[in-house]
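Spelled out, the chains give:
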Amino acid sequence: MPTFSAPELLVGSEIMGPGAVVVDDGVVREILDHVPAPASDHVRLTSGVLAPGMIDLQINGCFGVDFAAATPEQWTQARRGLARTGVTSFLPTLVTAALTKLSRQLRDIAREQNQVVPEGAQVLGAHVEGPFLSPVRAGAHDVALMVDPTRARIEDLLSSGGDAVVRVVTLAPERPGALAAISQLRDQGVIVSAGHTDATAEQVRGAADAGATMITHLFNAQRGLHHREPGVAGVGLADPRYRLGLIADLHHVAGTVVKIAFQAAPDRIVLVTDAVAAMGMPPGTSTLGGRPTIVDGDGQPARRDDGVLAGSTLTLDQAVRNVVGLGVDRATALCSATLTPAEVIGRADLGRICIGATADLVWWDDSLKVREVWLGGAPVGLH
């Protein structure tokens, strides 16, 4: 049984060490509070921290691949690229489109869910961001395709993708029928996230009462925080029923505001990339949901030709480094990309180092650069 030892390990929500993890058949079987004697199957890390694999709950594309229109070969390219950044599982995210188009895209995701890609990140299901959004807070989404979340439309969405598991649906809780839709989705085991919404604080609290448990990209494309109308962001930060997606590229949300979010809700932040196909690619034109975007480089987000933000070029490991650079402690930052997203989607076997969990592991060096990744205990091979 292979053993992985390190000076520090993220176990639960705390960094401990030195210690070791014993793996058998791709699963963590034992956690040691010491470094065992050398053996042929002992991977001994002499610096840095060993942590669980990261989970991205909102990502539209990466490495030149737009998940809305990817070929099987492109999916493999994207999944392997993500694994090399420390993302070991993810929810491909689909933006607003006609329901017939979403159905086709969901069938593609279903195929990827059922396929293991060697050295590639695992597809956990789909995050459907739209079409039940607010035209007032459309962002880069197509207003003409937005519709109310009727019972029939929800049924069509959940059934039309075949075997695809719709794990998260982002919707605007102020749309007619939204509260009933939230309850309907909740009863089907789908996580509902409030996003692209102009909802008032009262409406956001009502959405939580109906079963919504997440906020999509906090502060972006939503009613902001005002001292007399807390809006989406204010309720999200104050209400413990909500987990908060956050794009920490320091462009979508300023560093000071990122710090405020972590200070207000350190255990409820979910770092997401909201990345588009331009992530990991040189400056130039790219796509989001099949529509063109422009990227200037130097970590700048993607934009439409009218200047509207259209996703990020952020990698999740860079998001962790960004928030640690703002003064957030390492354990909290790492948990926001591992443990907390796993809790959101109810996966007790992912995002943590514990007995019985999948041995998806990431070695971070002392400067929080990803040095190596293991999927089920097997090395991805970054170098």
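Residues numbered from 1 in each chain as written. Predicted model: local features only at pLDDT ≥ 70, side-chain atom pairs only at ≥ 80, totals over all residues. Heavy atoms only, no water.

Okay, the packing of helix 1 (residues 72–84) against helix 2 (residues 99–113) next. When two helices pack together, their arrangement is given by the angle between their axes and by how far apart the axes lie. The interhelical angle for the contact between helix 1 and helix 2, taken along N-to-C directions, is 60°, at an axis separation of 11 Å. Our classification of the angle between helix 1 and helix 2 gives oblique. As helix 1 packs across helix 2, the resulting crossing turns out to be right-handed. Where helix 1 abuts helix 2, its residues Pro72, Trp75 and Arg79 lie against Asp108, Ile109, Arg111 and Glu112. Looking at the contact of helix 1 with helix 2 residue by residue, the class counts come to 3 nonpolar, no polar and 4 charged. (Axes fitted to C-alpha atoms, helices over the stretch in contact; angles between N-to-C directions. Helix = DSSP H or I, 4+ residues; strand = E, 2+ residues; numbered from the N terminus. Parallel < 35°, antiparallel > 145°, perpendicular 65-115°, else oblique. Left-handed = near helix turned anticlockwise from the far one by under 90°. Contact = heavy atoms within 4.5 Å. Nonpolar A, V, L, I, M, F, W, Y, C, P; charged D, E, K, R; others polar.)

This part is about the sheet that holds strand 3 (residues 14–16). The strands making up a sheet are joined through hydrogen bonds of the backbone, oriented either antiparallel or parallel. Across the sheet, 6 strands lie side by side as 3-2-7-21-22-23; this open sheet has mixed pairing. Two strands lie at the open edges of the sheet, namely strand 3 and strand 23 (378–379), each paired on one side alone. Of the strand pairs in this sheet, strand 21 (residues 361–364) and strand 22 (residues 370–375) are connected by 4 bridges, and their pairing is antiparallel. Across the sheet, residue Val362 finds its bridge partner in strand 22, namely Val373. (Pairing = 2+ DSSP bridges.)

This paragraph deals with the pairing of strand 21. Burial of strand 21 is two-sided: the residues Leu361 and Trp363 facing one way and the residues Val362 and Trp364 facing the other way are all buried. Connecting the antiparallel pair strand 21 and strand 22 is a turn made up of 5 residues, with Leu368 showing a positive phi of about 65°. (Buried < 20%, exposed > 50% of the residue type's maximum accessible area, 1.4 Å probe, protein only.)

It is worth spelling out the side chain of Asp108 at this point. One can find Asp108 in helix 2. Taking relative accessible area as the criterion, Asp108 reaches 14% and is therefore assigned buried. The contacts of Asp108, once residues within four sequence positions are left out, are Ala70 and Trp75.

With that settled, consider helix 4 (residues 178–187). Those residues of helix 4 lying buried are Ala178, Ala181, Ile182, Gln184 and Leu185. Projected down its long axis, helix 4 carries its buried residues within an arc of 165°, all on one side. Residues of helix 4 that are buried sit in contact with helix 3 (151–160), strand 14 (166–171), strand 15 (191–194) and helix 5 (201–210). Positioned one or two residues after helix 4, Gly189 has a phi angle of 80°, which is positive. (Arc of directions from axis to C-beta.)

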